Amino acid sequence: MARPFTPKVVTANDLVSGDVIYLAVDGSWVRELCMALVLSTQEDADARLFEAETQPHIAVGAYLADVKAGDHGPVPTHFREAFRAKGPSNRPHGKQERKEEVPAHV
């Protein structure tokens, strides 16, 4: 029996900067998880992932990441995605500098 579908977002890395990016409702790429489109069906997730994979000039390594609803938008359900949502950990800048609260493990 197939596993039940859980909500997901499409994530990738920006080709130029390497930043973590997420597919938004309008098909653009955003750098904040709270602005990502949450996908609620496997069919929609597959279609949006395909859309992302047709943009190698913008996004590389696109895949689906599990999320759950949070107070301010989607929240990662896996520690890897929580780390990615926080931004680079090698020096405090960008997302790290703003000290956004993203749970390390949900």
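**Some words on the pattern of salt bridges**
Step number 1: One pass over the full model with this rule turns up seven salt bridges.
Step number 2: Between R31 and D14 there is a salt bridge; the shortest N-O distance is 3.4 Å. On the criterion of sequence distance, the pair formed by R31 in the loop between strand 3 (29–30) and helix 1 (42–53) and D14 in strand 1 (residues 8–14) is long-range, its members being 17 residues apart.
Step number 3: In this structure, the salt-bridge partner of R48 is D44, at a minimum N-O distance of 4.0 Å. In this pair, R48 and D44 both sit in helix 1, four residues apart, roughly one turn of the helix.
Step number 4: A residue is classified by how much of its surface remains accessible, and R48, at 19% relative accessible area, is buried.
Step number 5: Here the salt bridges do not stand alone but share partners, grouping D14, D19 and R31 into one network.

What counts and how
- Residues numbered from 1 in each chain as written.
- Predicted model: local features only at pLDDT ≥ 70, side-chain atom pairs only at ≥ 80, totals over all residues.
- Heavy atoms only, no water.
- Salt bridge = Lys/Arg side-chain N within 4 Å of Asp/Glu carboxyl O.
- Helix = DSSP H or I, 4+ residues; strand = E, 2+ residues; numbered from the N terminus.
- Buried < 20%, exposed > 50% of the residue type's maximum accessible area, 1.4 Å probe, protein only.

Purely geometric stuff here, so don't read any function into it on its own.
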